[in-house]
Each structure stands twice: as C-alpha cells, then as structure tokens.
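Geometric and topological summary
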Amino acid sequence: MRNLAIMERLGWPGVAGVALLLACLVFYLAATAPARAERDDLAAEKERLATAVAEAGRPAAATAVQKLPPFAQAPELLKQLDALAQKDGVAVTRTSYQVKDEDSHRVFEVELPLKVAYPTLRGYLRDVLALSPTARLDDLDLHRAQASDPALDADVRLSFT
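First things first, this report covers the structure right here in the doc. (Residues numbered from 1 in each chain as written. Predicted model: local features only at pLDDT ≥ 70, side-chain atom pairs only at ≥ 80, totals over all residues. Heavy atoms only, no water.)

1. Thoughts on the pattern of salt bridges
Let me state the cut-off plainly: By convention in these notes, a salt bridge is any Lys or Arg side-chain nitrogen within 4 Å of a carboxyl oxygen on Asp or Glu. Accessibility here uses a 1.4 Å probe with only protein chains present; expressed as a share of the type maximum, an area under 20% marks a residue as buried, one over 50% as exposed, and anything in between as partly exposed. Each helix is a run of H or I in the DSSP string that is no shorter than four residues. Each strand is a run of E no shorter than two, and both are numbered from the N terminus.
In this structure the tally under the stated criterion is seven salt bridges. Notably, a salt bridge pairs Lys100 with Glu109, separated by 3.5 Å at the nearest N-O pair. On the basis of relative accessibility, which here comes to 7%, the residue Glu109 falls in the buried class. A salt bridge links Lys115 to Asp153; the shortest N-O distance between them is 3.3 Å. Placement of Lys115 in strand 3 (residues 105–116) and of Asp153 in strand 5 (residues 152–160) is noted, with a sequence separation of 38 residues between them. By relative accessible area, Asp153 is classed as partly exposed at 29%. A cluster of three or more residues bridged by salt bridges with shared partners is formed by Lys87, Asp88 and Asp127.

So this is what it looks like as structure tokens:
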C-alpha cells in the first residue's frame, strides 16, 4: 500500500523518471565495469612492456658497443676505401678523417673529395656502404665546372659507428 501511495504522489511522469534513472544506473555500471577492467589490463601490460624495454635496452646497448670497430682498425678501413676507389676507377684527391664521440659511442667520419663520372660514383658509394652495416652517407655535394664535363667533383662525407 505504501508503494502505491508513493507512486500516486509521483504520478506517471515521476514513475517514468525513476525508471529512467534506474535504467541509466544499470547502463552506467554495465558500461564502465568492462572499461575499468580493460583499463587495469592495459596498465598492467604497460608496466610489463616498460620492464621488457628496460631489460632489452641494456643488452642492446652492450652489443652495440661490442660491434664498434677498435680505433686500430681505422687504417684498415681507409685501405678498403682506397681499394674500392681503385677497383671502381674513382680518383680520390685526398682523404681526411676524424673520430668523434657522440651519444656514448664512437663515430669515425671520413671525408673524400672525388673526381668521377656519376654512374661510377653510384657504384662506388654502393660498395662503400656495403663495407659495414653501420656505414652511412652523411653528406654528398656534387658540382661540375661546365655542363659538358664528363666527370664531376663530389665531396662525400661518410661515417662509421
């Protein structure tokens, strides 16, 4: 009887409002419970991945340091560059190099001014970059004195880590 008295006092708009509030509460709980569980799973996965990355980062840095060629191998690298130049028919006018320490690893930079035809230069650079997996072409400047010259002057800067 009491329930009927409350329902009579609320009327049909009040009963519809209470029913709507109850439906919203059920929907809210049904929608947020799985989302909260998924959020907790994602947070646990984030922690697991962060730990895995931290553990994987340490050995990877150690292996990168082990792959670095000793400074004593620098003359051997320069000999290989010269041998490739002779094989490909590239005229090397001079060679300069320097060793830099960047981000806790050693970088061996080589600058080569070359006098060469363009197709020969492409083959030479392909062979040089195949010498080492850590070789990279940092800078390449090409210029000709005249458009009719068969050979061009190329300033090449390579680095090996």
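2. Some remarks on the environment of Arg157
To keep it simple, the criterion reads: A contact between two residues is defined here by any heavy atoms of the two lying within 4.5 Å.
Looking at the element boundaries, Arg157 is found in strand 5. A relative accessible area of 29% means that Arg157 is categorised as partly exposed. Between the alpha carbons of Arg157 and Asp141 there is a distance of 9.0 Å; along the sequence they are 16 residues apart. In contact with Arg157, other than residues within four places in its own chain, are Glu109, Val110, Glu111, Arg136, Leu137, Asp138 and Asp139.

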